Structure formats: structure tokens, C-alpha cells
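Below, each chain spelled out in residue letters.
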2 protein chains.
Amino acid sequence: MIGAVGFGVFSEGFGRPRVGFRIGDGVLDLSAVGRDDVFAQATLNAFMALGRPAWESVLGRVAHLAASGADVLPLEDVTVHLPFEVADYVDFYSSLEHATNLGRLFRPDAEPLLPNWRHLPVGYHGRAGTIVPSGTPIVRPCGQAKVPGEVTPSFGPSRRLDFELELGFVVGVPSRLGDPVRADAFREHVFGVVLVNDWSARDIQAWEYQPLGPFLGKSFATSMSAWVTPLALLEPFLVAPPKQDPRPLPYLRAEGNWALDLELEVELSGTVVSRTNARGLYWSMPQQLAHATVNGASIQAGDLFASGTISGPERGSEGSLIELTWNGESPIRLGDGTMRSFLEDGDEVVLRGRAGDLTLGEVRGTILPARVSYSAGNGPAR
Amino acid sequence: MIGAVGFGVFSEGFGRPRVGFRIGDGVLDLSAVGRDDVFAQATLNAFMALGRPAWESVLGRVAHLAASGADVLPLEDVTVHLPFEVADYVDFYSSLEHATNLGRLFRPDAEPLLPNWRHLPVGYHGRAGTIVPSGTPIVRPCGQAKVPGEVTPSFGPSRRLDFELELGFVVGVPSRLGDPVRADAFREHVFGVVLVNDWSARDIQAWEYQPLGPFLGKSFATSMSAWVTPLALLEPFLVAPPKQDPRPLPYLRAEGNWALDLELEVELSGTVVSRTNARGLYWSMPQQLAHATVNGASIQAGDLFASGTISGPERGSEGSLIELTWNGESPIRLGDGTMRSFLEDGDEVVLRGRAGDLTLGEVRGTILPARVSYSAGNGPAR
């Protein structure tokens, strides 16, 4: 399907949200297919839970409709919604280059890569309830941070707001509590992929994250594609993954080509500031799913698993500003001549992904000024 | 209401789940109250989202029904379900004694309390989808861990399975993304409390948790009371909280008495192994909620916020085995003469909480043997 983007949820005027398939700048209304119980719905969850045979059958129908010139609604005439109700959100840390860069920046006196990193895909749970679709404005978060040199923390709007370029996969078919999902069962459970911008307030994160991990530095908002690209359409772009050394434990061995040859770019207020490719990720998606469930944790329709920031080895291939500007020490220049260390109010970030003729749903977000509600007795201004 | 426990969801025979109120060993069927849209439901979420005036009105009705001798169903004749659909699950670390003990055990060469601990309630997101109601058996998780002295990690069933005694609060009324929930708005948003057993595999946790926090060491299962005790019933047991030094930033200042005088105990296979009280927690529930939302993160009906392990200063008041046995170095003796360092297959853990005449829904769970599914080529056995 030339121009296929993926499944999503849209509405017209004051009409009820329903499921559609985006092709280029148009949306195919899937309520024409029947099955109101899955397509006349405000989320993709019911459809995604049907499983692979149903997904393939509907994709075939979509291809047929597209080829036969069925009516599509212009994208600009519809309202696009969050495509699925996010159940649990897990964020990994699966780019070797990103983990190395962040280790250097956050723990300058220690080995950048911790001893566990090459043995398992490190991950943690993020906040599912603050995941928003592309186009949602992002309010600059406030919080505690400790300015270097100060003895006590102070409160205020984050001064080190960042983006993170990530690839996420979405679960359709659930598993049973107590039973791991093997790496080779990935295709039976996973419906598709999205791009993810895991907005990060680096000053809040640096002060709060030990010992239990990121919390408020990330939980204010996470942006996601409004369209979920089905895994089936990405099969032609699966390629050999990077070599892993040491060889992972048996439960982390995924047969086949599981690196995704997906070209990625980040545009910041009109200037492309990063170009990279998802195929360089050290830990693959089936490895991530196998790891996250090897303890018997169950999965359900709407679970989102994101890769962590995707950074490449070259300058200009880093997926976050903290890496691109090396913690603000080397600001980057935008096309209009202005410099950026971190995000400024009014900045717009757009993530894009492309595999051959296939385009993933972009992720767009503009930074709004902080809503400062605790000004009195606040200690030193930051 | 003498013997009141709280709201939950139950079914009879093959009947549909619906909302009830537990009083002692009986359940009052709330579908008698009318409002099928909130009470003839499989979760409390719709009821909890109605807000405080509705909660108080229904509680009044419940008290009237109880006083007038309305029929109650014997608890032993009904099936009890998860009381609400858990949206996001946040776990704090708000006991000074527990954080100090864990710091000593996990980082023996450093200060036990990290610099941020007294400035903010440290917390992280857990897995909402694996929260189960009291009575659900817990399968011993498998995973990676590194045996001290070994160079590489190995895979197998956890050998250091633990419980954690916690108090959780449940959100009813949502907030808007971008707007913090002030500490003094706690009563407008929070419906009630539950006991929580945050099962923990200490060997998996120790190997995986840096730098992004606990993941598989916790995500296999978390047990929760099947009955939610409304906050309104606990008002008489709110007492003065411990003094905080240094004084927290303005957004963390909660007026009034916000420590809960709740006696707690942990029974392990028939022997009470820990007795403590929730009133000693350093960070209060309104402080936890204010902190978790100060960055603009929104909340929704069904969000669960747990305290973290509740440990007191005395021997025998610690809320986890790793503390009670000091990492297994000092096993405890049960009533039948057997010793425990960590949980064994077949062990049953029961958490109980009581405030005056009011009993919280207990949390009961029995450990089932691991389902080992990756035996081949596994490296050294553990």
C-alpha cells in the first residue's frame, strides 16, 4: 500500500471517534468494513486484541479498499485522537551509544556502562496516563532540582528540558500471569509500532533518579504517533541485528532478523538536528518483550514498550539534546541562527521515521511556558 | 458502622460482578441502591470518579442499610474480584527506617540515605497490569541474577523472594494534564486506601536495578486488598505526623494531621513476624500526591499510590524479610520451629491493618513453585 501509515482513531466534527487507516494525507474509514464492536470504537484496543489472523485479514481488506479507490477523508478535515488506551508503559535503554553517553554525563567518575547492561535490556516503567498523541502541546514541567554548588534544592520550571527519539511497540494479544512470552512468540502478541518522544527534564531527573529511577523528570508527558504501523508492513525492513557480546542467556536469544531498518530524524523548530537509524539498537524488540515477561509478568492489549533514546555513533546521530549539546556545553545552531542547549518555550519538536516507501506517524509537540503555581517562600530562584 | 471494611466487587455463582460493601464477614449488595451505571459494574472506577459528595451520600446510605438490618451475603458464598481497574501504579519509599535499612544492605560502602531523600518523597512507577487481589497465588519468578563471586549472571527461580508491607491510596477524581494537585486537595481526589504487598525478588532486583530502578524484581505480581476502605471512615484516626527536618519546599507542606494511626501486622505461614504502625511514615499521603503531580502529571480514577515498605525503628517492626533477617544473615524462627531467611514455596503471607474498630481488607498470598521454562544451556545452576 503506497503511502500507508497505519491504524488510528479519528472523528469528524462532533461525531464519535472511530477507527481508521491513514494512507498519506487521507484516512480510510474502517467502519465501512463492519464489525462495529472493533471499528466503531474510540480506541484500537479491541481490534488489537483480536490477534494476528484478524489483523492480516483487515490489512488485506484495507489494501483492497485502497487499491479500488475507496473514498478517503482528507486528514486535515478530521480530528485525530490517542490511538489506543495505554495499559502499561515500559521504557528500555537499548541503545549502546545512548547508554554510554548518559553514563558519562550522569556519572562522570565511573564506568559509563554498568555491569548489567550487556547482559539484559535495562528498562523501567513510565507513566501510562500521561501519554499523549502527536500534536498535543507540552507544558514545561516544574519541579525540584539542585543547582550545582547549592546545598539545598530549589523549585521552579525545568531549565533543561529535552526530547528523546524512540521507537515503541504495542501489544495486542495478552498473556497469562505467571507465563513468560518467549522471544519467538513476538509476532503473535505485538500489533505494531509507533514513534515516541519521551520528554525529559534533565535537571529534575538528575536530582531525583537515585536509587529508584526516573520519575517526575519523565512523567509529565510522553508523546506518541497518532497512527500505529502494523508489524506486518514492516517485515520487508527487518535486517540482521548488531552482534551481541557476550552472547545473551537462552531466554534472550531471538532467531531471525530483528533489527528494523528505519531511518529516523528529529526536527527542532524547523531544523533537522539529528539523523539516525533504528537498526543500530543493541537490544531487539523480541528480546525486550522476552525480558519484560521472563519473571511471569503478564501483558495486555495496549501495553507500550519503547526502545529508549536511539543514538548512533556519529556526531549528529544522537537522539537527545543532552547528547547533541553534550550537557549544554556545545550548543547547536538552528537554521534561523539561534542556539539551543535545551528546549525553549515555543520550540516545536517533530520526530519522523521512514522505511522504504513506508512512513511512520510523526510525533509533533510544542513547548508551552510553565504554569508556576508555587512562587511564595520558594527559596532561591533558579 | 461496626465492622466496616470497605467497597469491593463480588459475584455469586455464574452471576455478573457488581459492587458491594463488606461489613465483617458479610457483603452488602449495592445494586439494591439503584444507579446500575456505577454499582452494576465489574470495577469501582465509575463510582470512584463521581467525587466526594457522591461518596459521602453512598456511605450514608450504606450506614443506614447496615443499621436497619438489611440482608448481607455471607462472604464465604461470594467470589471476590480485583476491586478496581488499576490505571497507573506508583510506589514510594517513604519510611525513613526502611530506606535507611535498604541503603545499608544494597550500598554497604556509602551513606544509606541518598541526598535527595529528606527533600522529596522518592518514588517510581510499578506495573499496574500485574496487580492482583488478595487470595491470588503468587508464582515464584525466574530471572537473571549474579551470585556473589561469579563473573557472569545466571538464570533461575529467585532464591530471595520477599514481601513488602505497604499502605496504598486510590484516586477517584481525575486531574487535568499540566495542572498540579495541591496537597490540600487530597480529600477531593482520593477515594480510599488499601493494603499492598509489593512482592520483591531481591536477587533479581540487586542485579537489575541500576541505573533505572526496580523492574523485574517487582513486576511479576503485586497483591492488594480486595476491599477499598473509604478515606472518610479513617478520618478519626488521622494523627500528627513525624517532624520533618529540613522543612519541605512549599508545595510539599500539607496542613493538618496526615499520619494514619493504623496498626499493621505481617503473618508468615501462621506466625506473626512483624508488627508496626503506619503513623511513623516520614512522608504523608498528601505529600506523595502533591509531589507526583507537581510536574503537571495528571491522575485518573484507579491510580494507585503505595507508601513503600513500612518499617518501624524497633526489632520486629520491619516490613520485609530482607530487613527482618538482615539479608538472610539472621533467619527468623516460625511457630512450627522452621527457620526463614526468605520465602519458601508454600509459604502464605497475610497483611492486616486495623484502626480502632475498623479493619482494612487483608492481603493474602501463597507462594507457588517457579515455572521453569528455560532450562537448556543455562550456564551454572543457582
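## Observations concerning the overall build of chain A
Working step 1: The helix and strand inventory of chain A stands at 10 helices and 27 strands.
Working step 2: The C-alpha atoms of chain A give 21 Å as radius of gyration, which agrees with the globular expectation for 382 residues (21 Å, within 12%).
Working step 3: If you line up chain A on its principal axes, its C-alpha atoms span 65 × 50 × 40 Å.
Working step 4: Taking all 382 residues of chain A together, the buried fraction comes to 61%.
Working step 5: Once local pairs closer than 6 in sequence are excluded, the contacts in chain A between residues at least 24 apart make up 71%.

## Here's the deal with the sheet that holds strand β1 (residues 4-11) of chain A
All names here are of chain A.
Working step 1: Strand order in the open sheet formed by 5 strands is β4-β3-β2-β1-β5, and the pairing between neighbours is antiparallel. Looking at the sheet topology across the chains shown, the edges are occupied by β4 (73-74) and β5 (79-81).
Working step 2: Of the pairings in the sheet, the one linking strand β2 (residues 18-23) to strand β3 (residues 26-29) comprises 4 bridges and is antiparallel in character. Along β3, the bridge assignment pairs Arg22 with Val27.

## A word on the pattern of salt bridges
Working step 1: Evaluation of the coordinates by the stated rule reveals 47 salt bridges over all chains.
Working step 2: As a salt-bridge pair, Asp198(A) and Lys218(A) come within 3.1 Å of each other at their nearest N and O atoms. Within this pair, whereas Asp198(A) is found in the loop between β14 (190-197) and β15 (200-201), its partner Lys218(A) is found in helix α7 (residues 216-219), the two being separated by 20 residues in sequence. Neither residue differs from the other here; Asp198(A) and Lys218(A) are each classed as buried.
Working step 3: Note that Arg140(B) is salt-bridged to Asp345(B), the shortest N-O span being 2.7 Å.

## A closer look at the relation of the copies chain A and chain B
Working step 1: Between chain A and chain B, the superposition needs a rotation of 180 degrees and an axial shift of 0.0 Å, giving an RMSD of 0.0 Å. Expressed as an axis order, the relation between the two copies is that of a two-fold axis. Rotation axis and chain A: the residue whose C-alpha lies nearest the axis is Gly213(A), separated from it by 2.1 Å.

## So, the packing of aromatic side chains
All names here are of chain A.
Working step 1: Applying the stated rule across the entire model yields 30 aromatic pairs over all chains.
Working step 2: Aromatic side chains Phe39 and Phe47 sit 5.2 Å apart centroid to centroid with 55 degrees between the ring planes, which places their arrangement in the tilted category. Here Phe39 matches Phe47 in class, with each residue buried.
Working step 3: A centroid spacing of 6.4 Å and a plane angle of 25 degrees characterise the contact between Phe92 and Phe305, whose relative ring orientation is stacked. Placement of the pair is Phe92 in strand β6 (residues 89-92) and Phe305 in strand β22 (residues 304-306), with a sequence separation of 213 residues. Summarising the burial analysis for this pair, Phe92 and Phe305 share the class buried.
Working step 4: Taken together through their ring pairs, the aromatic side chains of Phe7, Phe21, Phe39, Phe47, Trp55 and Phe191 make up a single cluster.

## Remarks on the domain arrangement of chain A
Residue and element names in this part refer to chain A.
Working step 1: Assigned domains of chain A: these are domain 1 (4-81) and domain 2 (88-376).
Working step 2: Using C-alpha coordinates to define each centre, domain 1 is positioned 27 Å away from domain 2.
Working step 3: At the interface, 22 residues of domain 1 touch 23 residues of domain 2.
Working step 4: At the boundary of domain 1 with domain 2, total buried surface from both sides reaches about 1,700 Å², with 72% on carbon and sulfur atoms.

## Topic: the environment of Glu329(A)
Working step 1: Of note, Glu329(A) is situated in the loop between α10 (321-324) and β23 (332-333).
Working step 2: Residues Glu329(A) and Ser341(A), spaced 12 residues apart in sequence, show a C-alpha to C-alpha distance of 7.5 Å.

## Side note on the confidence of the model for chain A
Residues and elements named next belong to chain A.
Working step 1: Predicted confidence across chain A gives a mean pLDDT of 95, with 97% of residues reaching 70 or more.
Working step 2: Taken together, the stretch residues 376-382 has pLDDT below 50 and engages in 18 contacts with residues farther than four places along the chain or on a different chain.
Working step 3: Quick note on the complex model: pTM equals 0.97, ipTM equals 0.96.

## Structural notes on the interface of chain A and chain B
Working step 1: Between chain A and chain B, the residue contacts involve 70 residues of the former and 70 residues of the latter.
Working step 2: Overall, the association of chain A and chain B removes approximately 6,200 Å² of surface from exposure, summing both partners, and the carbon and sulfur fraction of that is 60%.
Working step 3: Counting across the chain A and chain B interface gives 4 salt bridges.
Working step 4: Between Arg371(B) and Asp179(A) there is a salt bridge, with its nearest N and O atoms 2.7 Å apart.

Each value, and the rule that gives it
- Residues numbered from 1 in each chain as written.
- Chains lettered and ligands numbered in written order.
- Predicted model: local features only at pLDDT ≥ 70, side-chain atom pairs only at ≥ 80, totals over all residues.
- Heavy atoms only, no water.
- Helix = DSSP H or I, 4+ residues; strand = E, 2+ residues; numbered from the N terminus.
- Rg over C-alpha atoms; globule rule 2.2 N^0.38 Å.
- Buried < 20%, exposed > 50% of the residue type's maximum accessible area, 1.4 Å probe, protein only.
- Contact = heavy atoms within 4.5 Å.
- Pairing = 2+ DSSP bridges.
- Salt bridge = Lys/Arg side-chain N within 4 Å of Asp/Glu carboxyl O.
- Least-squares fit on C-alpha atoms with pLDDT ≥ 70 in both.
- Phe/Tyr/Trp six-rings, centres within 6.5 Å; stacked < 30°, edge-to-face > 60°.
- Domains from an automatic or database assignment.
- Buried area = accessible area lost by both parts, 1.4 Å probe.
- pLDDT = per-residue confidence, 0-100.

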